[in-house]
Amino acid sequence: MAIETSCDDTSVAVLEKHTNKSVILYFNKKITSDNRLYGGVYPIVAHESHQKNIAVLVNEALHSLPPAKPEDAQHKTLYVSGANLLRAKPDFVTVTRGPGMRASLITGMDMAKGLAVAWQVPVLGVNHMQAHALTPRLVSALNANKAAASVETDPSFPFLTLLVSGGHTMLVHSRELCDHEILANTTDIAIGDMIDKCARDILPQSILDSAPDVMYGPLLEKFAFPDGEFNGGIARFAAQSEYDWKINRPYGRSGPKGTSSHASSFSYSGIGSCVRRIVEQKPGMDDTERTVLAKETMRVAFEHLASRVLLALKTSDAKDIKTLVVSGGVASNQYLKAILRNILDINGYQDVRLIFPPPKFCTDNAAMIGWTGLEMYEAGWRTELAATAINKWAIDPKAGDGGILGIGGWRKVT
Ligand code: AMP
Ligand code: ZN
């Protein structure tokens, strides 16, 4: 059983791993707190929402536990009110211990400890960002053939992850279960945030008015490529020659003596303000020009992502990398997929595979926490009952806090 309460989603999942390493997800549900009034996640509202919903979701999840087998010992079974059969008791409880909002984390931690004490099973307090990095391995285990004799968990380490969402723009190098290095991070706003802001400037008012929510990214993609075709591949749209504006690449200039400066930085606020200036200078811009502007905005933003991936792949440390995972809301953009594939190919990385996990496992969810618990459990790790929530917790062993295993509260069983 897994619990996630680090931010504004209260989520509970039930997973089972089979001896051949395939995984079944019996339950994976979340309730997101309503923060619309506040224009962003508001900690007290999120905390109250967790308090209201966590027990309800756990109780509901118990009804999805598989039935106990006749040979199961009594202490391996659970009586769940309302059903006339005994259920299989979870072998352990996993919970997000950090990073995140402290009060929110504590709600989940206390629930997980309570269950672990009542059921007399171990608790595992895992790192939320590690769980995001391991998500593609969960997805492959879920897709694995249940009948196969044995399946390999894919992707194997090492691999790269590009986390591109409304809140993150990060390139992560995952070397091992507990060794993840952040190779590049945004120095200002996240790429999804920039896309939403640009879409508000570029899209015709009629489209904005019909939007179901403020997540304008998919609308911008649809507006730029209505038939999903990239008109002759991903070639430049020659914006400069057709129109009197240009969007500059972030950190476009190289560093001293031709070195690439800012290799570990993404920057997206510049594209946002450039697009705003272009639109403000041309109040009567027609839809054709707006379409070109939409394409150019995405091209520059996505090529900036690709540039840091290339820099990372060129380092000697990355020679064994055969997989790039692209996760987060922006990863559903088809143009991004085409650009990344194209840039990898023309730079000699045809053998680097691209993986795009389904968005439902890329946003916060308890299934990824459960999977991380499974991997940590199998590696022999347990969390002490006295362990407390941590609002800041790195995933890089070289970080000041020592990363995933650097903090107190872990216990290794042999
Ligand atoms: P997340 O933070 O992972 O929930 O992702 C949400 C962000 O992804 C928002 O900024 C969306 O506008 C953006 N997004 C979702 N779909 C697309 C798309 N097809 N193209 C560009 N951005 C997108
Ligand atoms: Zn998250």
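What you see is a predicted model; the values in this text were computed from it and never measured.

S.K.: Looking at this structure, I do not really get the sheet that holds strand 10 (residues 179–186). What am I missing?
M.R.: Pairing between the strands of a sheet is mediated by backbone hydrogen bonds and can be parallel or antiparallel. Strand order in the open sheet formed by six strands is 11-10-9-8-12-13, and the pairing between neighbours is mixed. Each edge of the open sheet is held by one strand with a lone partner, namely strand 11 (265–266) and strand 13 (353–355). Pairing between strand 9 (residues 169–176) and strand 10: six bridges, direction antiparallel. Considered in strand 10, the bridge of S174 is made with H180.

S.K.: Can you help me understand the pattern of salt bridges in this one?
M.R.: It is possible for side chains bearing opposite charge to pair when their charged atoms get close. Under the criterion given, the structure shown has 17 salt bridges. Between R175 and D317 there is a salt bridge, with its nearest N and O atoms 2.7 Å apart. Taken together, the residues R175 in strand 9 and D317 in the loop between helix 9 (287–314) and strand 12 (323–327) connect sequence positions 142 residues apart. Of the charged contacts, one joins E296 and R299 as a salt bridge, the two residues approaching to 2.9 Å between their closest N and O atoms.

S.K.: Looking at this model, I keep getting lost on the packing of aromatic side chains. Mind explaining?
M.R.: For any pair of aromatic rings, the description consists of the separation of the ring centres together with the inter-plane angle of the planes. Using the criterion set out here, one finds six aromatic pairs in the structure. Each ring, one from F92 and one from Y377, has its centre 4.1 Å from the other, and the planes form 5°; the classification is stacked. A residue pair is termed long-range when its members are at least 10 positions apart, and F92 in the loop between strand 5 (86–88) and strand 6 (93–98) and Y377 in helix 12 (residues 366–378) qualify at 285 residues. Relative accessible area serves as the criterion here: at 10%, F92 is assigned to the buried category. Exposure remark for Y377: the relative accessible area of 27% places this residue in the partly exposed category. Between Y243 and W245 the ring centres are 5.8 Å apart and the planes differ by 5°, which places this aromatic pair in the stacked class. Both residues of the pair, Y243 and W245, count as buried. R97 extends its terminal NZ or CZ atom over the ring of W393, reaching a point 5.9 Å from the ring centre. Its end group placed over the ring of Y377, R382 keeps NZ or CZ at 3.7 Å from the ring centre.

Quick notes on the rules
Residues numbered from 1 in each chain as written. Chains lettered and ligands numbered in written order. Predicted model: local features only at pLDDT ≥ 70, side-chain atom pairs only at ≥ 80, totals over all residues. Heavy atoms only, no water. Pairing = 2+ DSSP bridges. Helix = DSSP H or I, 4+ residues; strand = E, 2+ residues; numbered from the N terminus. Salt bridge = Lys/Arg side-chain N within 4 Å of Asp/Glu carboxyl O. Phe/Tyr/Trp six-rings, centres within 6.5 Å; stacked < 30°, edge-to-face > 60°. Buried < 20%, exposed > 50% of the residue type's maximum accessible area, 1.4 Å probe, protein only. Lys NZ or Arg CZ within 6 Å of the ring centre and 35° of its normal.

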